[in-house]
Amino acid sequence: MKRRIMSLTLAAVALFSAVLIYLVLTGENGLSRPKYAERSIDISRLDRTETRSLGWNPDGLDELFSHVATLSTDSLMIITNGQVVAAFGDLSIPYNVHSIRKSLLSALIGQKLADDANNLRLDATLQELDISDAPAPLTELQRQTTVRHLLRSVSGINHPAAASGGLQAEIDQRLGHRENQPGTIWAYNNWDYNALTTVFETVTGTEIAKAFDLGIAQPVGMTDFGRSAVSYVSDPGQSTHKAAMFKLSARDLAKVGNLYLNNGFVNGKRILAAGWGRLMTEDLSKTGNGGLRWGHGYLWWIPSPDTGLPKGTFWAWGLGNQALMIIPAWNTVVTHQSDTTEFLKRFVPLIRDKGMTGEEAMVQLIRKCRSSEARNTEYCKKHRFITKREMEKLFSLIASSRTQK
């Protein structure tokens, strides 16, 4: 299969950077909180008796879906003990999962480590693997970074990256423009994840799409995934390392979650290395943030104890509040997806053509949908950007709907 490589334009750089700065650093920047009109949504649910038997409060789920009806959510699933407790949307449509790609890469590495023919070592250094970068090469100290350092986001390398998740100001604050001892400083840093993609493909000799298809998609029984769902974002003027992007449907995303709930087994066969599902919660870094992004380990986020989510919970997050949450204590997987296509059609031109900063463009789009005249338009009801605050409320409602803690 030929790899599809997308050139990263200036507008796209601004997009990734600005959206993440907005979501992670500034929240909603003091904007007011209006009550959006509810959409009419078709929800599939178990009856109230079955719902209670699986540890959920039906009235709490009523409140949850009332909130979802005010969002531009395209799909939501709650699966407990292998049963779909409640779901909304077409669960077969693949959407761009954005930064969930990183957690999928983590799963892929866990799968490779379970393979008898594995030749990927977590303690291998970039120097041993003959990995550097261009046009700016890595230093000798930076090349002492190991595969595990990349997985834990502690390379300490502040280097330009393709599909930069932005937060450059935060990366600069955490890492500075100096050499850092590998393994000592955590930073949410797309350079680490892109370099890890290069490491995987170099060591295994297999492209991400093929490896994911054979190693995970086929074994777990994905129904909507094809290798063309994996593409690359490249920016050779910044770095030789590319970002491997994924499109997945809700039901296929949930199968990744169930793989972790089943301790890496499918039909009695081990797919993930033993103990892989515990690493992200046992070998994590505290981010200095609260809420849903309190910790980070092996490319998964860890929510703080005060979110109401039980110990051992971990989740994947992507632009537009794509989410895959795995809650072992409840034997539950939650997926949330929102198609960002229409939002990006409006967001990118404001930067490219109007000269706005990313945050200015974001604020304008949010404020427009909060005006009385635009609030009920199709875009604002079905496609607007879901804010950090709204997503935090969604998971708070999920937590409060659980009766069996």
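Throughout what follows, the structure given in this document is the object of discussion. Just so it is clear, the model here is predicted, and its values are computed rather than measured. (Residues numbered from 1 in each chain as written. Predicted model: local features only at pLDDT ≥ 70, side-chain atom pairs only at ≥ 80, totals over all residues. Heavy atoms only, no water.)

Counting 101 residues, the largest nonpolar core has Leu64 and Tyr260 as its most contacted members. Discounting chain neighbours no more than four positions away, the residues touching Leu64 are Leu76, Ile78, Leu394, Leu397 and Ile398. If you look at the next biggest cluster of nonpolar residues, it comprises 15 residues, including Phe347, Ala361, Cys369 and Cys380. (Core = buried A, V, L, I, M, F, W, Y, C linked by side-chain atoms within 4.5 Å. Buried < 20%, exposed > 50% of the residue type's maximum accessible area, 1.4 Å probe, protein only. Contact = heavy atoms within 4.5 Å.)

To continue, consider unusual backbone geometry. Excluding glycine, residues mostly carry a negative phi; peptide bonds, for their part, are mostly trans. Cis rather than trans, the peptide bond between Ala134 and Pro135 has omega equal to 5 degrees. As for its placement among the helices and strands, Pro135 is situated in the loop between helix 4 (100-114) and helix 5 (147-151). The residue Asn263 is not glycine, and still its phi comes out positive at about 55 degrees. Turning to its location among the elements, Asn263 is positioned in the loop between helix 9 (250-261) and strand 8 (265-266). Overall, the relative accessible area of 59% leaves Asn263 in the exposed class. Even without glycine at this site, Asn321 takes up a positive phi of about 65 degrees. Here Asn321 lies in the loop between strand 13 (314-318) and strand 14 (322-327). We classify Asn321 as buried; its relative accessible area is 2%. (Helix = DSSP H or I, 4+ residues; strand = E, 2+ residues; numbered from the N terminus.)

What follows is about the layout of surface pockets. In this structure, the second largest pocket encloses a volume near 490 Å³. In terms of lining residues, the second largest pocket is bounded by 28 residues, among which Gly277, Arg278, Thr281, Gly312 and Phe314 are the most central. Mapped onto the lining of the second largest pocket, the elements with two or more residues apiece are helix 9 and helix 10 (276-282). It is helix 10 that provides the largest number of residues to the lining of the second largest pocket, a total of five residues. (1 Å grid on protein atoms, 1.4 Å probe; cavity = no way out; pocket = protein on both sides within 12 Å on 5 of 7 lines; lining within 4 Å. Points joined across faces, edges and corners; volume = space filled by probe spheres on them.)

Attention shifts here to helix 4. Compared with the 21 Å implied by 1.5 Å per residue over 15 residues, the 22 Å span of helix 4 between its first and last C-alpha is a close match. Here helix 4 lies mainly inside the structure; 13 of its 15 residues are buried. (Expected span 1.5 Å × (residues − 1).)

Successive side chains on a regular strand alternate, one facing one side of the sheet and the next facing the other. Burial of strand 15 (residues 332-337) is extensive: six of the six residues sit out of reach of the surface. Here strand 15 shows two buried faces, one formed by Thr332, Val334 and His336 and the other by Val333, Thr335 and Gln337. As defined by bridge partners, strand 3 (residues 75-80) adjoins strand 15 across six bridges and the pair is classed as antiparallel. Bridge pairing in strand 15 places Ile79 opposite Val333. (Pairing = 2+ DSSP bridges.)

What follows covers the environment of Ala134. Residue position: Ala134 is located in the loop between helix 4 and helix 5. A C-alpha to C-alpha distance of 23 Å links Ala134 and Arg174, two positions 40 residues apart in sequence. Aside from chain neighbours lying at most four places away, what touches Ala134 is Pro236, Gln238, Ser239 and Thr240.

Moving on, we come to the packing of aromatic side chains. Taken as a whole, this structure holds 13 aromatic pairs when the rule is applied. A ring pair is formed by Phe212 and Phe225, whose centres lie 5.2 Å apart and whose planes are at 65 degrees; its orientation type is edge-to-face. Of this pair, Phe212 sits in helix 8 (residues 208-220) while Phe225 sits in the loop between helix 8 and strand 6 (230-234), and the two are 13 residues apart along the sequence. When sorted by exposure, Phe212 lands in the same class as Phe225, which is buried. (Phe/Tyr/Trp six-rings, centres within 6.5 Å; stacked < 30°, edge-to-face > 60°.)

The next thing to look at is the packing of helix 4 against helix 8. Geometry of a packed helix pair, given as the angle between the helix axes and the separation of the axes. One way to put it is that helix 4 packs onto helix 8 with a least axis distance of 10 Å and a crossing angle of 60 degrees. As helix 4 packs across helix 8, the resulting crossing turns out to be left-handed. Seen from helix 4, the contacting residues are Leu104, Leu105, Ala107, Leu108 and Gln111; seen from helix 8, they are Ile208, Ala211, Phe212, Gly215 and Ile216. Its residues placed into classes, the contact of helix 4 with helix 8 shows eight nonpolar, two polar and no charged. (Axes fitted to C-alpha atoms, helices over the stretch in contact; angles between N-to-C directions. Left-handed = near helix turned anticlockwise from the far one by under 90°. Nonpolar A, V, L, I, M, F, W, Y, C, P; charged D, E, K, R; others polar.)

Right, let's talk about the pairing of strand 6 for a bit. Extensive coverage of strand 6 is indicated by the burial of five of its five residues. Residues Val230, Tyr232 and Ser234 point to one face of strand 6 and Ser231 and Val233 to the other, with burial holding for every one of them. Summarising the sheet, strand 6 and strand 7 (residues 243-248) pair through four bridges and their orientation is antiparallel. Across the sheet, the residue bridging to Val230 is Phe246, located in strand 7.

The full count for this structure, using the stated rule, is 16 salt bridges. Linking Asp283 and Arg152 is a salt bridge whose minimum nitrogen-to-oxygen distance equals 3.3 Å. With Asp283 in the loop between helix 10 and strand 10 (285-286) and Arg152 in the loop between helix 5 and helix 6 (168-175), the pair connects residues that are 131 residues apart, well separated along the chain. You can call Asp283 partly exposed: its relative accessible area is 25%. Of the residues examined, Arg152 reaches a relative accessible area of 15% and is grouped as buried. Measuring nitrogen to oxygen at the nearest pair gives 2.7 Å for the salt bridge that ties Asp213 to Arg227. One end of the pair, Asp213, is in helix 8; the other, Arg227, is in the loop between helix 8 and strand 6, with 14 residues separating them in the sequence. Asp213 sits in the buried class, given a relative accessible area of 11%. You can call Arg227 partly exposed: its relative accessible area is 28%. Via salt bridges that share partners, Arg45, Arg48, Asp59 and Asp62 belong to a single interconnected network. (Salt bridge = Lys/Arg side-chain N within 4 Å of Asp/Glu carboxyl O.)

Don't take any of this as a statement about function, it's just geometry.
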